[in-house]
Amino acid sequence: MIFEEERGDPASNDKVTRATDNYRCYHVGAMPDYGQMVHNTFSTPRLRPYQVIGAKFLATKKIALLADQMRLGKSAQAIRAADMVDAMNILVVCPATARSVWEEQFKTFQTTRRTVGVATPGQPVPDVHVVIAGYNRPEEELLKSWDLVVIDECHYIKNPLAKRTRKIYNLVKQASRAWFLSGTPANNHYGELWVLLRWAGRYDGTHQDFIQQYCNGYMGMGKTFIVSGHKPGADEAVRRMLDGFMLRRRMREVMSELPKVAKHTHAVEARVPKEFRDEFAELDAHIASRLDELSETDDILVRWRMIAGLSKVMSVMEIVKDDFEAGMGKIVLFAWHREVITALTEGLKEFNPVVLMGATSFTKRVEAVQAFNTNPKHRVFIGQIQAAGEA
């Protein structure tokens, strides 16, 4: 199923840029057709000038970090860089919610003919040139000598003791090239960069050495060291280590090359709630047999759309949580059905969502919008499409 995104003019709040918050807006669309494809290579879009620079930067590196701010097209740059170095056998490791996005990005941007496939849970790894896998895919199923390994949202491997980090290291060390992508490689403190700096040969000491050298903090419960800040001179020292290894551009630096609003489509996994599966299958078959006869307001079609909306809720919540993990400040969600809004509100309650529906009074609508715009604790706005459009 499709989940569409519109982007305004955000700025990241991570420790690398120390900038301001941003927001993102999502709404729903239609259902795509899936399958492995040899992607069209004859009408690929041009990269923007800053993206050409990014692709050339990666192409000159065996190991590199592309840390452009969110939504500046890091995946497109990595794909074009892969074309530049003639990489054929490519592994992309990314969050589960981004697998279909990467598949579409290869379809759109690659200029080399490669077969592309997603490693779906419970299914064998596809026999294709480009394998796109989630972080939870067992290491032994992916371990081979790749021309290129791309680690998307590499802040997922910031913990040097995590099993996930060790798995990625084993994949990276056998690859001819390894490129890391993240808009927030150090969202909390510089210690989160140690894994990448160590792998890139930019720092030879242990993680503990790095923390002691560049970070201030205190001992927390369980004798765990809690980082509370950086020592004098840390900014310049880390900047020197990153020089030549990391390329980072912020939204405001390339704003003149960007459209005011960009729309991106996410294909998400449809997970029909168990209690609706039989009914949804019956409605689906009924609608397929009478599609030409049904009107937009037909009760059967309305019911089908409500269940289809519910089937996207889990995937949407995963995307929202991934975006917050990557440094997004606030997110706006639109839905049509009350049941979908209720499910989203409950599933995202940790982010203190404000909700605006048809029954919301004018006064409450004003208060909801004001609370979302001014209170940093309210990170999610959930609006009923028609009601929010009139707010």
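For the structure itself, look to the data block above.
Description of the structure in this document.

Topic: the overall build of the chain
Piece 1. Of regular secondary structure, the chain possesses 13 helices and 16 strands.
Piece 2. Among the 391 residues that make up the chain, the fraction classed as buried is 50%.
Piece 3. A sequence separation of at least 24 residues applies to 72% of the contacts in the chain between residues at least 6 apart.

Re helix H10 (residues 299–325)
Piece 1. Across its 27 residues, H10 extends 39 Å between first and last C-alpha, which sits within 8% of the 39 Å expected from 1.5 Å per residue.
Piece 2. Residue Val 313 marks the point of greatest curvature in H10, where the axis turns by about 35°.
Piece 3. The N-cap residue of H10 is Asp 298: its side-chain oxygen and the backbone nitrogen of Ile 300 are 2.9 Å apart.

Describing the packing of helix H9 (residues 277–290) against H10
Piece 1. Contact geometry of H9 with H10 gives a least axis separation of 10 Å together with a crossing angle of 135°. In this view, H9 runs oblique relative to H10, as classed from their interaxial angle. Crossing of H9 against H10: the hand is left-handed. Within the contact between the two elements, H9 uses Glu 279, Phe 280, Leu 283, Asp 284, His 286, Ile 287 and Arg 290 and H10 uses Ile 300, Leu 301, Arg 303, Trp 304, Ile 307 and Ala 308.
Piece 2. Residue composition of the contact of H9 with H10, grouped by class: eight nonpolar, one polar and four charged.

Focus: the packing of aromatic side chains
Piece 1. As enumerated under the stated definition, the model contains 10 aromatic pairs in all.
Piece 2. Judged by centre distance (6.1 Å) and plane angle (40°), the rings of Trp 102 and Phe 106 are tilted. Here Trp 102 and its partner Phe 106 are both found in helix H3 (residues 99–109), four residues apart, which amounts to about one turn of the helix. When sorted by exposure, Trp 102 lands in the same class as Phe 106, which is buried.
Piece 3. When the ring of Phe 280 is compared with that of Trp 304, the centres are 5.6 Å apart and the planes differ by 15°; the resulting orientation is stacked. Separated by 24 residues along the polypeptide, Phe 280 in helix H9 and Trp 304 in helix H10 bring together distant segments of the chain. Both residues of the pair, Phe 280 and Trp 304, count as buried.
Piece 4. Among the aromatic residues, those joined into a ring-pair cluster are Tyr 169, Phe 180 and Trp 199.
Piece 5. For the cation-ring pair, Arg 164 lies above Tyr 135, with the distance from its terminal atom to the ring centre recorded as 5.2 Å.
Piece 6. Directly above the aromatic system of Phe 324 lies the positively charged group of Arg 379, at a separation of 4.0 Å from the ring centroid.

What about helix H12 (residues 362–374)?
Helical geometry: 3.6 residues make up each α-helical turn, so side chains three or four residues apart lie on a common side.
Piece 1. The end-to-end C-alpha separation of H12 is 18 Å, in line with the 18 Å expected for 13 residues at 1.5 Å each.
Piece 2. All of the buried residues along H12 are Arg 365, Ala 368 and Phe 372. Within H12, the buried residues cover an arc of 65° as seen down the axis, which keeps them to one side. Exposed positions of H12 whose direction lies more than 90 degrees from the buried face are Phe 362, Gln 370, Asn 373 and Thr 374.

Quick notes on the nonpolar core
Piece 1. Leu 91, Ile 151, Phe 180 and Phe 210 are the most contacted members of the largest nonpolar core, which totals 40 residues.
Piece 2. Of all the elements in the fold, those that place two or more residues in this core are strand E5 (90–94), strand E7 (130–134), strand E8 (148–152), helix H5 (163–173), strand E9 (178–181), helix H6 (194–199), helix H7 (207–214) and helix H8 (234–242).
Piece 3. For this core, the element with the most residues is H8, which contributes five residues.
Piece 4. Membership of the second largest hydrophobic core comes to 31 residues, among which are Leu 301, Ala 308, Ile 331 and Ile 341.

Brief notes about the packing of helix H1 (residues 49–59) against helix H2 (residues 74–84)
Piece 1. Direction vectors running N to C along H1 and H2 enclose 50°, while the axes themselves pass 8 Å from each other. In terms of orientation, H1 lies oblique with respect to H2. Here the hand of the crossing between H1 and H2 comes out right-handed. On the side of H1, the interface is formed by Tyr 50, Gln 51, Gly 54, Ala 55, Lys 56, Leu 58 and Ala 59, while H2 contributes Gln 77, Ala 78, Arg 80, Ala 81 and Met 84.
Piece 2. Of the residues contributing to the contact of H1 with H2, the split by class is seven nonpolar, three polar and two charged.

Side note on the pairing of strand E4 (residues 63–66)
Piece 1. For E4 and E9, the ladder comprises four bridges, and the chain directions are parallel. Within E9, the residue paired with Ile 63 across the bridge is Ala 178.
Piece 2. As judged from the two bridges shared by E4 and strand E12 (residues 246–247), these two strands associate in the parallel manner. For Leu 66, the partnering residue across the bridge sits in E12 and is Leu 247.

Some points on the pairing of strand E10 (residues 215–219)
Piece 1. Here E10 pairs with strand E11 (residues 225–230) via five bridges, running antiparallel. In the sheet register, Met 219 faces E11, and the bridge partner there is Phe 225.
Piece 2. Here E10 folds back onto E11 in antiparallel fashion, the turn holding five residues, of which Gly 222 has a positive phi close to 75°.

Reading the values: the criteria
Residues numbered from 1 in each chain as written. Predicted model: local features only at pLDDT ≥ 70, side-chain atom pairs only at ≥ 80, totals over all residues. Heavy atoms only, no water. Helix = DSSP H or I, 4+ residues; strand = E, 2+ residues; numbered from the N terminus. Buried < 20%, exposed > 50% of the residue type's maximum accessible area, 1.4 Å probe, protein only. Contact = heavy atoms within 4.5 Å. Expected span 1.5 Å × (residues − 1). Bend = angle between axes of the 7 residues up to and from the residue. Polar contact = N/O pair within 3.5 Å; in protein donor to acceptor, adjacent residues only side chain to side chain. Axes fitted to C-alpha atoms, helices over the stretch in contact; angles between N-to-C directions. Parallel < 35°, antiparallel > 145°, perpendicular 65-115°, else oblique. Left-handed = near helix turned anticlockwise from the far one by under 90°. Nonpolar A, V, L, I, M, F, W, Y, C, P; charged D, E, K, R; others polar. Phe/Tyr/Trp six-rings, centres within 6.5 Å; stacked < 30°, edge-to-face > 60°. Lys NZ or Arg CZ within 6 Å of the ring centre and 35° of its normal. Arc of directions from axis to C-beta. Core = buried A, V, L, I, M, F, W, Y, C linked by side-chain atoms within 4.5 Å. Pairing = 2+ DSSP bridges.

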